[in-house]
Structure formats: structure tokens, C-alpha cells
Amino acid sequence: MLVKEFVDKRVDGFPSGFYESLPTVCLEDDCGYPTEMYETLTGLRCSNPRCPAKIAQRLEAMFTSLGIKGVGEVGFRAIVSAWNLRNPLFIFAYEPDDGLLAPTINETTSRSVYEQLQKKKSFTLAEYVRIANLPHIQTSSGAIFDKFDDINKAYEEIERGGIQYIQSRLGVNKDETSLRAIKVFDSLMTYKQDLIEAFDCVDIIRKNGGMLNFKVCVSQAVECGFKTKAEFYNAVNSIAPDKLYVEFLGSATKDIDYLVWAGTTPSRKVNTVKKRNENGGNTPILNATEFIAEMKRLVDGIS
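Residues numbered from 1 in each chain as written. Predicted model: local features only at pLDDT ≥ 70, side-chain atom pairs only at ≥ 80, totals over all residues. Heavy atoms only, no water.

S.K.: In this structure, what is going on with the nonpolar core? I would like to understand it.
M.R.: The nonpolar side chains of a soluble globular protein tend to be buried, and buried together. If you look at the biggest cluster of nonpolar residues, it comprises 52 residues, and the most contacted ones within it are Phe 92, Tyr 128, Phe 145 and Ile 166. Looking at this core, the elements that each hand over two or more residues are helix H3 (52-66), helix H4 (73-83), helix H5 (107-119), helix H6 (125-131), helix H7 (141-145), helix H8 (151-170) and helix H9 (179-190). A per-element tally of this core places H8 first, with seven residues. Sequence-distant contacts of Phe 92, that is, excluding residues within four places in its chain, are made with Met 62, Leu 66, Leu 117, Gln 118, Lys 120, Lys 121, Phe 123, Cys 201 and Val 202. (Core = buried A, V, L, I, M, F, W, Y, C linked by side-chain atoms within 4.5 Å. Buried < 20%, exposed > 50% of the residue type's maximum accessible area, 1.4 Å probe, protein only. Helix = DSSP H or I, 4+ residues; strand = E, 2+ residues; numbered from the N terminus. Contact = heavy atoms within 4.5 Å.)

Next comes the structure, spelled out in C-alpha cells:
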């Protein structure tokens, strides 16, 4: 519900001055779009999918996922403002010759971020979509985009099949319209141009028979000497970039090839995979050290 509509209704029971305190438009960097109220009346949000605040949040989430260091929360806001950034994926096109990332970010940090981005801009198409941090898409990108290498071909099939196609890819009952499928479809349509425009800014990994490809889920902290998941991901992807590609998923879906677990307190992901294995599944559960050793063994086997 738009805040203006809520204010106009003037439902009784709220304290004096409450309605006057509600902003009817977004005040973030002169965004100016109408604000919306959550159905539970617990918060407000901007209706603009490219509101500067939302772009900064997505950019920060991208950096966190990739393990890019050097920029704080204020820095992401400054980057969005400095470049009038309305598509966070364009950060992959940044070069030091373009100038500083933001007036508050010095040359050393700007170059460091550039160098980190250059090392982490290779993705499968599904990862590219997931890293964009679109609403409702993170856990669905693999199911929808995994069989594609080309973003335009993927969208041709998505638009041809519509919500029913999304439901089939997500494994939703075709006899009833899924709210999740609707949200996923709407989000993909809203941000279609963002994904297409920035597609050439990254390196899309083309799957082929000569490369090992695995889908892996990591449960909780990695441990085994790794401080963060990003550090572990980098170690794995540096084993043999021309022979091995590991796609790290956020959830323990049925199609993962391995689950990496430190072996401490079982998480929901661990319990899910264990139960699946007890019912006939065969997903190996390894710690980080064991997993890296396994990948090196498999790579040596195709050398």
C-alpha cells in the first residue's frame, strides 16, 4: 500500500501526529518516488527499484558475496552518488583511469577495489544473476539460468513461457499459481535491462566437456584455517581455473554435488543433506581441507 493512500484513509487508533510524520515520497538523494508501507505496518520502503539507497545496498551485498574489501557502508553510498549509479553491476566496468571511486575514497583504495574486481568477475550465467542481488532471485537463479550461457537466450525462453515457465523451473505445482514464481518473474522483468546492459562487463564461463563443474553448498563457518567463506571460495577457484569450476550455492538443493561443513554443530543444511542421504541420496559431506584435496585429486585425474 502506498503511504499516501494509508495517510488519506486516516484509520483511528494511532497517536496524534503519526500520520504527519510519515513521508509519502522517498527523500533519499532526491529520489522522490512514492513510499510504500509493509502489509504489517512495521516499516516503509521506496517504490523505486533503482532508488539510490537500494542500489547502495545491492552494491554492498555484491562486495560482501565476492569478498571485495576496502569500502564501508558510507563508501557505497558515496560511489552511487558520485557516478549516479543505477545499476550496481556496472561496477565491473570501473577502471582507475575513470577517476576515484568516490571523492571520499582515496586512489590506493580505488585501485585496490579495481584489482579485486578484476580477479572476481568470472561467473556462470546463474552466478552472474545471483551476484546482482535482485529481489527474490538469489536462491532461484541456478534453477532458472543454469542451462544457459547467453542472457538474451535465457530471457527469450523466460518471456515465452512466462510465470508457468518459472514455476516449472522452480519445481512448483503447475495446477496452482505460485506467489514465489510471480515475484521471481516480476523481478526478472524489472531488472532485465540491468542484467543485459552489464553482461559484457563480466566474463561468463562457458561450460564445456573439458572442464569439471560442481555445485557446492557451504554450511556456516568454513574453519580449517579459513577466516571467511570468501577466502575459501578464492582458494578453491584458484586450484585450476582452466580445468575446474565450482559454483557455490546458498542453499542445499537436491542438485548440489558436495556439502562443505566444518563438523561442529549441524545446521539445517547439514540435517537436510544427511536426511537426504539416509533416504538414498549420495551427497558427500566434507570439511574445507578434505574438499580442496578432493578437487585437486579430480583435477589431477584429467591432467
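S.K.: When you look at the packing of aromatic side chains in this model, what are you seeing that I'm missing?
M.R.: What characterises a pair of aromatic rings is the spacing of the ring centres plus the angle enclosed by the ring planes. Applying the stated criterion to the full structure yields 12 aromatic pairs. Summarising the aromatic geometry, the rings of Phe 226 and Phe 232 are spaced 5.3 Å apart at their centres and angled 70 degrees between planes, so their arrangement reads as edge-to-face. With respect to class, Phe 226 is no different from Phe 232; both count as buried. (Phe/Tyr/Trp six-rings, centres within 6.5 Å; stacked < 30°, edge-to-face > 60°.)

S.K.: Honestly, the confidence of the model for the chain in this entry has me stumped. Any pointers?
M.R.: Predicted coordinates in regions of low pLDDT should not be interpreted in detail. Per-residue pLDDT for the chain has a mean of 88; in total, 94% of the residues score no lower than 70. At the level of individual helices and strands, the chain shows its lowest average pLDDT in helix H1 (residues 3-9), which scores 72, and its highest in helix H10 (residues 192-197), which scores 96. (pLDDT = per-residue confidence, 0-100.)

S.K.: How should the environment of Ala 132 be read in this particular structure?
M.R.: Mapped onto the elements, Ala 132 comes out in the loop between H6 and H7. Overall, the relative accessible area of 0% leaves Ala 132 in the buried class. In this structure the C-alpha to C-alpha distance between Ala 132 and Ala 61, which are 71 residues apart in sequence, comes to 8.6 Å. Setting aside residues no more than four positions away along its own chain, Ala 132 makes contact with Arg 58, Met 62, Leu 89 and Leu 195.

S.K.: It is not clear to me how the packing of H8 against H9 should be interpreted in this structure. Could you clarify?
M.R.: If you want to describe how two helices pack, look at the angle between their axes and the distance between the axes. Two numbers describe how H8 lies on H9: the axes approach to 8 Å, and their chain directions differ by 155 degrees. Viewed along their axes, H8 and H9 adopt a mutual orientation that is roughly antiparallel. For the element pair H8 and H9, the recorded crossing hand is right-handed. Facing H8, whose interface residues are Tyr 155, Ile 158, Glu 159, Gly 162, Ile 163, Ile 166, Gln 167 and Leu 170, H9 presents Arg 180, Ala 181, Ile 182, Val 184, Phe 185, Leu 188 and Met 189. Residues belonging to the contact of H8 with H9 are distributed by class as follows: 11 nonpolar, two polar and two charged. (Axes fitted to C-alpha atoms, helices over the stretch in contact; angles between N-to-C directions. Parallel < 35°, antiparallel > 145°, perpendicular 65-115°, else oblique. Left-handed = near helix turned anticlockwise from the far one by under 90°. Nonpolar A, V, L, I, M, F, W, Y, C, P; charged D, E, K, R; others polar.)

S.K.: It is not clear to me how the pattern of salt bridges should be interpreted in this structure. Could you clarify?
M.R.: Side chains carrying opposite charge are able to pair once their charged atoms draw close together. What the rule picks out here adds up to nine salt bridges. It is possible to trace a salt-bridge network through shared partners that takes in Asp 146, Lys 215 and Asp 255. (Salt bridge = Lys/Arg side-chain N within 4 Å of Asp/Glu carboxyl O.)

S.K.: Teacher, can you tell me more about the side chain of Lys 121 here?
M.R.: Following the sequence through the fold, Lys 121 ends up in the loop between H5 and strand E3 (122-123). Here Lys 121 occupies a buried position and makes no salt bridge, while the nearest side chain of opposite charge, Asp 203, is found at 5.0 Å. Separated by 3.2 Å, the side chain of Lys 121 and the backbone oxygen of Cys 201 make a polar contact. If we ignore the near neighbours within four places in the chain, the residues touching Lys 121 are Phe 92, Cys 201, Val 202 and Asp 203. (Lys, Arg positive; Asp, Glu negative; His and termini not counted. Polar contact = N/O pair within 3.5 Å; in protein donor to acceptor, adjacent residues only side chain to side chain.)

S.K.: Looking at this structure, I do not really get the environment of Glu 157. What am I missing?
M.R.: Structurally, the position occupied by Glu 157 is in helix H8. Separated by 130 residues in sequence, Glu 157 and Asn 287 place their C-alpha atoms 38 Å apart. Those residues in contact with Glu 157, other than ones at most four positions away along the chain, are Lys 147, Phe 148 and Tyr 165.

S.K.: Sorry, what's going on with unusual backbone geometry here?
M.R.: Across the chain, the bulk of peptide bonds are trans and the bulk of non-glycine residues have phi less than zero. In this structure, Glu 223 is a non-glycine residue whose phi angle is positive, near 60 degrees. Counting through the fold element by element, Glu 223 comes out in the loop between strand E5 (212-219) and helix H11 (229-237). The class of Glu 223 is partly exposed, set by a relative accessible area of 37%. Of note, the phi angle at Cys 224 is positive, near 55 degrees, even though the residue is not glycine. With respect to the helices, strands and loops of the structure, Cys 224 is situated in the loop between E5 and H11.

S.K.: Explanation requested: the pairing of E5 in the structure shown.
M.R.: By the criterion of burial, E5 is predominantly enclosed, with seven of the eight residues buried. Looking at chain direction, E5 and strand E6 (residues 244-249) are connected through six bridges and run parallel. What sits directly across from Lys 215, in E6, is Glu 247. Read as a crossover between parallel neighbours, the route from E5 over H11 to E6 is right-handed. As judged from the four bridges shared by E5 and strand E7 (residues 258-261), these two strands associate in the parallel manner. Each bridged residue has a counterpart across the sheet, and for Val 216 the counterpart in E7 is Tyr 258. (Pairing = 2+ DSSP bridges. Right-handed = clockwise from strand over helix to strand, strands pointing away.)

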